[in-house]
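# An overview of the molecular structure
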Amino acid sequence: MFRIHVERVLEKDIDTVFEAIADHARYDRFPGVSRSVLIEEGKDEKNGTGALRVIGAGRLELTERITRFERPNRMHYHIEKSSPFAVQHMKGEIVLTPEGEQTRVIWVSEGAVQVPLLGWMMDRMAERSFSKAFSSLLKSIEKI
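Criteria and thresholds
- Residues numbered from 1 in each chain as written.
- Predicted model: local features only at pLDDT ≥ 70, side-chain atom pairs only at ≥ 80, totals over all residues.
- Heavy atoms only, no water.
- Helix = DSSP H or I, 4+ residues; strand = E, 2+ residues; numbered from the N terminus.
- Rg over C-alpha atoms; globule rule 2.2 N^0.38 Å.
- Buried < 20%, exposed > 50% of the residue type's maximum accessible area, 1.4 Å probe, protein only.
- Areas by Shrake-Rupley, 256 points an atom, 1.4 Å probe, with all protein chains shown as cover.
- Pairing = 2+ DSSP bridges.
- 1 Å grid on protein atoms, 1.4 Å probe; cavity = no way out; pocket = protein on both sides within 12 Å on 5 of 7 lines; lining within 4 Å.
- Points joined across faces, edges and corners; volume = space filled by probe spheres on them.
- Nonpolar A, V, L, I, M, F, W, Y, C, P; charged D, E, K, R; others polar.
- Polar contact = N/O pair within 3.5 Å; in protein donor to acceptor, adjacent residues only side chain to side chain.
- Phe/Tyr/Trp six-rings, centres within 6.5 Å; stacked < 30°, edge-to-face > 60°.
- Contact = heavy atoms within 4.5 Å.

Bringing the overall build of the protein chain into the picture now. Across its full length, the protein chain holds two helices and seven strands. Helices and strands appear in the protein chain in the N-to-C order β-α-β-β-β-β-β-β-α. For the protein chain, the C-alpha radius of gyration of 15 Å lies close to 15 Å, the compact-globule estimate for 144 residues. When its C-alpha atoms are laid out on the principal axes, the protein chain stretches across 45 × 30 × 25 Å. The proportion of buried residues among the 144 residues of the protein chain is 47%. Accessible surface, the protein chain as shown: approximately 7600 Å² in total, 52% of it carbon and sulfur.

What follows concerns the pairing of strand β7 (residues 102–113). The element β7 is largely enclosed, with a buried count of nine among its twelve residues. Sheet topology places strand β1 (residues 2–10) next to β7; nine bridges connect them, and they run antiparallel. Across the sheet, F2 pairs through a bridge with G111, a residue of β7. For strand β6 (residues 87–99) and β7, the ladder comprises twelve bridges, and the chain directions are antiparallel.

Turning next to the layout of surface pockets. Taken as a whole, the largest pocket encloses approximately 610 Å³ of empty space. Lining the largest pocket we find 30 residues, and of these A57, L60, F130, A133 and F134 sit closest to its centre. Going through the elements one at a time, β3 (52–57), β4 (60–70), β5 (74–83), β7 and α2 (119–141) are the ones with two or more residues in the lining of the largest pocket. A total of ten residues in the lining of the largest pocket trace back to one element, the largest contributor, which is α2. Across the lining of the largest pocket, the residue classes break down as 22 nonpolar, five polar and three charged.

Every α-helical turn comprises 3.6 residues, leaving residues that sit three or four positions apart pointing alike. Those residues of helix α1 (residues 14–22) that sit buried are I14, V17, F18, A20, I21 and A22. Structurally, the start of α1 carries an N-cap: the backbone nitrogen of D15 is 3.1 Å from a side-chain oxygen of D13.

Attention shifts here to the packing of aromatic side chains. For the coordinates displayed, the defined rule picks out four aromatic pairs. For the pair W107 and F134, a centre-to-centre distance of 4.1 Å together with 10 degrees between the ring planes defines the contact as stacked. Note that W107 is positioned in strand β7 and F134 in helix α2, a separation of 27 residues in sequence. An aromatic cluster is present here, built from W107, F130 and F134 joined pairwise through their rings.

What follows deals with the side chain of H76. Relative to the helices and strands, H76 is located in strand β5. According to the relative accessible area criterion, H76 is buried, its value standing at 13%. Engagement of the side chain of H76 in a polar contact is seen with the side chain of R74, the distance being 3.1 Å.

Okay, the environment of Y27 next. Looking at the element boundaries, Y27 is found in the loop between α1 and β2 (35–40). In the structure, Y27 is positioned 39 residues away from I66 in sequence and 15 Å away in space, judged by C-alpha atoms. The contacts of Y27, once residues within four sequence positions are left out, are A20, I21, V33, S36, R53, I55, M75, W107 and L137. Among the polar contacts listed, one links the side chain of Y27 to the backbone oxygen of I21, at a separation of 2.6 Å.

Have a look at this one:
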């Protein structure tokens, strides 16, 4: 099982940070993201609960459903499909808290790579690569 926990205080206000994180179709502006598409719009707002997005990074492609959307403090998501390997995703949440003019972001993702015999090793690789990717994405938001 992999468990990713990235926490960072950004030098941006909470509305700016949330808008960047919730803009599913524009994730390709972040380092390492080669493809980002909003497949289905959300129920109450375009990027909100129910929205379906595809995020690609090289050969990796994740299809994620937004399961909870509370502007500007919280967004949960679930990986419904992944390739080239399957992922059993148990938790995906991004929580934002204002700290004056700054914003604390806590990004947690938990799951398991579904590859016989090698899953545990791929879980460790996923922890390292996704932790680095989430950190890089948050760092990029500060430059917006």
